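Structural overview for review
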Amino acid sequence: MWGLLLALAAFAPAVGLGLGAPSASVLGLAPAATTEAPVSTPAPRSSPAQPPAGKENGTSEQHIRIRVIRKKKVIVKKRKKLIRPIPPVTATPSTTARPSTTARPSTTARPSTTTSPVGALDIPEKQEPGCPPLGLESLRVSDNQLDASSSQSFGLGPHRGRLNIQSGLEDGDLFDGAWCAEEQDVEPWLQVDARHPTRFSGIITQGRNSIWRYDWVTSYKVQFSNDSRTWWGSKNRSTGMDAVFPANSDPETPVLNLLPEPQVARFIRLLPQTWLQGGASCLRAEILACPVSDPNSLFPEVPMLGSSDPLDFRHHDYKAMRKLMKQVNEQCPNITRVYSIGKSHQGLKLYVMEMSDQPGEHELGEPEVRYVAGMHGNEALGRELLLLLMQFLCREFLRGDPRVTRLLTETRIHLLPSMNPDGYETAFRRGSEMVGWAEGRWNHQGIDLNHNFADLNTPLWEAEDDGLVPDTVPNHHLPLPTYYTLPNATVAPETRAVIRWMQRIPFVLSANLHGGELVVSYPFDMTRTPWAARELTPTPDEAVFRWLSTVYAGTNRVMQDPDRRPCHNQDFSLYGNVINGADWHTVPGSMNDFSYLHTNCFEVTVELSCDKFPHENELPQEWENNKDALLTYLEQVRMGIAGVVRDKDTELGIADAVIAVDGINHDVTTAWGGDYWRLLTPGDYMVTASAEGYHTVTRSCRVTFEEGPVPCNFRLTKTPKQRLRELLAAGAKVPPDLRRRLERLRGQKN
């Protein structure tokens, strides 16, 4: 028997066995009772990893199959002429098969009465991707690396066939939500050029993102090439025929298919076989691929994603996050403190890392800043960046880095990496490429936390329209509406915890880290015109917010890349990667607006990346993209004026004194020690300090471009009425001078 097998192996080159094709080179050596392998005429090899001969542009020549049957230790060799396989597709009313044609019989789909296509894969219950994503979603794959057989329009071109890409509000514009082949294209394909030999291991697909249409592919084949001319297909292990992969049953849920055998090639093609009946052949995709060394490549090697900082670059679930924060605290106990501000709906604690030279206490004159991430649980990059930031600050402080040392000695920093831990756990279980665009966004109650804060904009604007601001209704620290404080109000426990946190600590500056775009947006987030979808709605501190936003956008590596393409359907680089939130899309009840109107804190939203949940191997590069921006933004708390408002007689600080700046209809207040911080852009300002029971004091303060807040202190004198009130409360006698002043005041009044 072994002699015959060796003879067959020697015979294989003579008959032109396609030994370059995966799973076809095991002719007669498989343990199965019956095995088949195609026989074709070999073609000249153009590269070390040449595909099987006889297939060009997806076509196949006449084949001869050798069937080896082992039965009762007798091997019978048979030769038969094989009719070209025409794999049928599932005959269901919900899908449309590709029209038949004679151009490419090896990939043509025709209706059949069978319930599953020939070559269809036996998919295991759970598939684990082996290789990381090639980079369609994260934009590492450029538009010119994508090609297609046809496109319905430019907005539905191959460059739009990226996983999770989002369409605009209108179909037919330049930013549709998928690649879609022309209706008359009987053999559609989407092609990706990896530019280097690459080990392809799997494909993830979605349908078309659209609020007007339903289009998705229900099955497809996969082909590979080294030169884009000669192609070979992925084979089914059991039949040796072209594998047909099941695709999507809705437009948004990602579907993963691992290849039966990973393939090394430069090009990969997805060939839709069936799609939703009445729809079009449309898909979005991500390719799972590992790089392969190629010293003879014409293209320069893609630089490895990495960072020189020895940090923990991986995704952390709740337990791993808690463990990491504890480790940082143990490594730097003198500058860190871990505390909880509350619990999620499922009981997970909302942990905060505090970093300062005096953790646990508010130092007079030291501003408080915060970063909040994970408001939307599936937007995971902000969470990991804050975990990396706390590691970095600890390490650099121990090394004596002057920038970090100054930051931690002059500022009290609070890092909340996961505001929505329930949502993150949902997304984490799905995985970075499989979570889709929205799963895990909401908390466990289904509440979008970024729409869950009290709407203070509407009562403020109504009071302004009635001329009641600021004399009757203040322009700052607006109280919570009564309906919002009721026990049955639809307010998430995570939201209540953050509001109590805001009220307890006198934050000055904050950033809310999100994902899915590359832009910094600033308040107001809600449009002033009721029901307007978008409208420029600036705050009185427009100049400050634009400054803060530009600082982050101007120091973020990707945002400053002039060659980067838009993430989805808007090119924010035209506006310096900065936009007013309401001018982008209205967000009633946002944390940014609430923070500005209910507290002293100025907060912006940073959209960190096109990919909401980047793969683990992309975290080092994302850290490098954002590291300097995170540090520089924290340093902006020194911009403007700062000081202490004191009682002139006692030199004690006055809490809740109001600091008003002429020309800016938004005031701030002092903390319990009398210290305050007022963010301002460079210029000359008239600043007024006032407090109940004190005479008002106004002085000029000049803000320069020099680093550090300009000192602007105040000493207030009590009014006679306030002094009398305090004396009477203490049971003391009224001094003669105060009595005479009160008598004069009464006489003037009479």
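These figures come from a predicted structure and were not determined experimentally.

1. A short note on the overall build of the protein chain
Per the secondary structure count, the protein chain includes 14 helices and 31 strands. Within the protein chain, buried positions represent 55% of all 750 residues. For the protein chain, the proportion of contacts with a sequence separation of at least 24, taken over those separated by at least 6, is 75%. Accessible surface, the protein chain: about 32900 Å² in total, of which carbon and sulfur atoms supply 54%.

2. What to know about the sheet that holds strand β28 (residues 683-690)
The strands making up a sheet associate through hydrogen bonds between their backbones, and the pairing can be parallel or antiparallel. On the basis of which strands lie adjacent, the open sheet formed by four strands has the order β26-β25-β28-β29 and antiparallel pairing. On the outer flanks of this sheet lie β26 (664-669) and β29 (697-703), each paired with one strand and no other. Here the strands of the sheet are splayed against their neighbours by 30° on average, with no regard to which way each runs. Pairing of β28 with β29 involves seven bridges; the strand directions are antiparallel. Its bridge partner lying in β29, Asp 684 is registered against Arg 702.

3. As for the state of the cysteines
Throughout the structure, instances matching the rule amount to five disulfides. Through a disulfide, Cys 180 is tied to Cys 282; the S-S separation comes to 1.9 Å. Because the sign of the S-S torsion sets the handedness, a value of about 120° for the bond joining Cys 180 and Cys 282 places this disulfide among the right-handed ones. Residue Cys 180 is located in strand β9 (residues 179-180), and its partner Cys 282 is located in strand β15 (residues 282-291); the two are separated by 102 residues in the primary sequence. Each member of the pair Cys 180 and Cys 282 is classed as buried. In the protein chain, the cysteines engaged in disulfides, taken in order along the sequence, are linked 1-4, 2-3, 5-6, 7-8, 9-10.

4. Some words on the pattern of salt bridges
A side chain of one charge can pair with a side chain of the opposite charge if their charged atoms are brought near each other. One pass over the structure, following the stated rule, counts 39 salt bridges. Of the charged contacts, one joins Arg 337 and Glu 354 as a salt bridge, the two residues approaching to 2.7 Å between their closest N and O atoms. Within this pair, whereas Arg 337 is found in strand β16 (residues 336-343), its partner Glu 354 is found in strand β17 (residues 349-355), the two being separated by 17 residues in sequence. Owing to a relative accessible area of 29%, Arg 337 belongs among the partly exposed residues under this scheme.

5. Considerations on the pairing of strand β10 (residues 190-206)
Extensive coverage of β10 is indicated by the burial of 14 of its 17 residues. For strand β8 (residues 146-148) and β10, the ladder comprises three bridges, and the chain directions are antiparallel. By the bridge assignment, Ala 148 is partnered in β10 with Leu 190. Alignment of β10 against strand β14 (residues 255-276), held across eleven bridges, turns out to be antiparallel. Within β14, the position partnered with Gln 191 by the bridge is Arg 269. In terms of strand pairing, β10 meets β15 through eight bridges, oriented antiparallel. Pairing of Gly 202 across the sheet is with Leu 288, part of β15.

6. Quick look at helix α6 (residues 457-465)
Among all positions in α6, only Asn 457, Leu 460, Trp 461 and Ala 463 are buried. Angular distribution of buried residues about the axis of α6 spans 160°; they occupy a single face of the element. For α6, the elements touching its buried residues are α11 (591-598). Within two residues after α6, Gly 467 carries a phi angle of roughly 70°, on the positive side.

7. Points about the packing of aromatic side chains
In the structure shown here, the tally under the stated rule is 21 aromatic pairs. Here a set of aromatic residues connected by ring pairs shows up, and it is made of Trp 461, Tyr 522, Phe 524, Phe 545, Tyr 596 and Phe 602. In this arrangement the basic side chain of Arg 383 is found over the ring face of Tyr 424, its NZ or CZ atom lying 3.6 Å from the centre. If you follow Lys 612 out to its NZ or CZ, it ends over the ring of Trp 437, 4.0 Å from the centre.

8. Here's the deal with the sheet that holds strand β19 (residues 412-416)
With respect to topology, eight strands assemble into an open sheet ordered β16-β17-β19-β18-β20-β23-β21-β22, the strand pairing being mixed. Where the open sheet ends on each side, the last strands, each with one partner, are β16 and β22 (578-580). On average, adjacent strands in this sheet sit at an angle of 20° to one another, irrespective of strand direction. Pairing geometry for strand β20 (residues 507-514) and strand β23 (residues 602-607), over six bridges, is parallel. Following the sheet pairing, Leu 509 is matched in β23 by Phe 602. Those strands touched by α11 are β18 (368-373), β20, β21 (519-522) and β23, and its axis lies near 170° from that of β23.

9. So, a nonpolar patch on the surface
A cluster of nonpolar side chains, namely Leu 169, Ile 211 and Trp 212, defines an oily patch on the protein surface of about 410 Å² accessible area. You can see Ile 211 is positioned in the loop between β10 and β11 (217-225).

10. What about the environment of Phe 453?
Position of Phe 453 among the secondary structure elements: in the loop between α5 (421-430) and α6. On the basis of relative accessibility, which here comes to 3%, the residue Phe 453 falls in the buried class. Along the backbone, Phe 453 and Leu 480 are 27 residues apart, and their C-alpha atoms lie at a distance of 9.7 Å. If near-sequence neighbours (up to four positions away) are discounted, Phe 453 is found in contact with Met 375, Met 419, Tyr 484, Thr 495, Val 498, Ile 499, Met 502, Gly 589, Ser 590, Met 591 and Phe 594.

11. Observations concerning the side chain of Thr 605
In this fold, Thr 605 is placed in strand β23. Accessibility expressed as a relative area gives 6% for Thr 605, which makes it buried. Among the polar contacts made by the side chain of Thr 605, one reaches the side chain of Asn 592 at a distance of 2.8 Å. In this structure Thr 605 touches Asn 512, His 514, Val 519, Val 520, Ser 521 and Asn 592, once residues within four positions along its chain are discounted.

12. Digging into the layout of surface pockets
Approximately 1100 Å³ is the volume attributed to the second largest pocket. Taken together, 37 residues make up the lining of the second largest pocket; nearest its centre are Trp 437, Asn 569, Gln 570, Trp 584 and His 585. Broken down by secondary-structure element, the contributors of at least two residues to the lining of the second largest pocket are α10 (581-584) and β23. A class-by-class count of the residues in the lining of the second largest pocket yields eight nonpolar, 21 polar and eight charged.

13. Re the pairing of β20
By the criterion of burial, β20 is predominantly enclosed, with eight of the eight residues buried. Direction of pairing for β18 relative to β20: parallel, over a ladder of six bridges. Residue pairing for β20: Val 372 is matched across the bridge by Asn 512.

14. Here we look at the confidence of the model for the protein chain
Any residue range with low pLDDT should be treated as having predicted coordinates unsuitable for detailed reading. Averaged over the protein chain, the pLDDT score is 85; the fraction of residues at 70 or greater is 81%. Confidence over residues 99-118 falls short of pLDDT 50; this stretch has 66 contacts with residues more than four positions distant or in other chains.

15. Some points on the environment of Arg 322
Within the fold, Arg 322 resides in helix α2 (residues 318-331). You can call Arg 322 partly exposed: its relative accessible area is 37%. With 27 residues separating them in the primary sequence, Arg 322 and Lys 349 have C-alpha atoms 9.4 Å apart.

16. Some remarks on a positive patch on the surface
Together, Lys 319, Arg 322, Lys 343 and Lys 349 make up a region of like positive charge exposed at the surface. Tracing the chain through its elements places Lys 349 in strand β17. In this structure Lys 349 comes out as partly exposed when scored by relative accessible area, which is 33%.

Analysis parameters
- Residues numbered from 1 in each chain as written.
- Predicted model: local features only at pLDDT ≥ 70, side-chain atom pairs only at ≥ 80, totals over all residues.
- Heavy atoms only, no water.
- Helix = DSSP H or I, 4+ residues; strand = E, 2+ residues; numbered from the N terminus.
- Buried < 20%, exposed > 50% of the residue type's maximum accessible area, 1.4 Å probe, protein only.
- Contact = heavy atoms within 4.5 Å.
- Areas by Shrake-Rupley, 256 points an atom, 1.4 Å probe, with all protein chains shown as cover.
- Pairing = 2+ DSSP bridges.
- Axes fitted to C-alpha atoms, helices over the stretch in contact; angles between N-to-C directions.
- Disulfide = S-S within 2.5 Å.
- Salt bridge = Lys/Arg side-chain N within 4 Å of Asp/Glu carboxyl O.
- Arc of directions from axis to C-beta.
- Phe/Tyr/Trp six-rings, centres within 6.5 Å; stacked < 30°, edge-to-face > 60°.
- Lys NZ or Arg CZ within 6 Å of the ring centre and 35° of its normal.
- Patch = residues over 30% accessible without salt bridge, like charges linked within 9 Å, V, L, I, M, F, W, Y side chains within 5 Å.
- Polar contact = N/O pair within 3.5 Å; in protein donor to acceptor, adjacent residues only side chain to side chain.
- 1 Å grid on protein atoms, 1.4 Å probe; cavity = no way out; pocket = protein on both sides within 12 Å on 5 of 7 lines; lining within 4 Å.
- Points joined across faces, edges and corners; volume = space filled by probe spheres on them.
- Nonpolar A, V, L, I, M, F, W, Y, C, P; charged D, E, K, R; others polar.
- pLDDT = per-residue confidence, 0-100.
- Lys, Arg positive; Asp, Glu negative; His and termini not counted.
- Charge placed at Lys NZ, Arg CZ, Asp CG, Glu CD.

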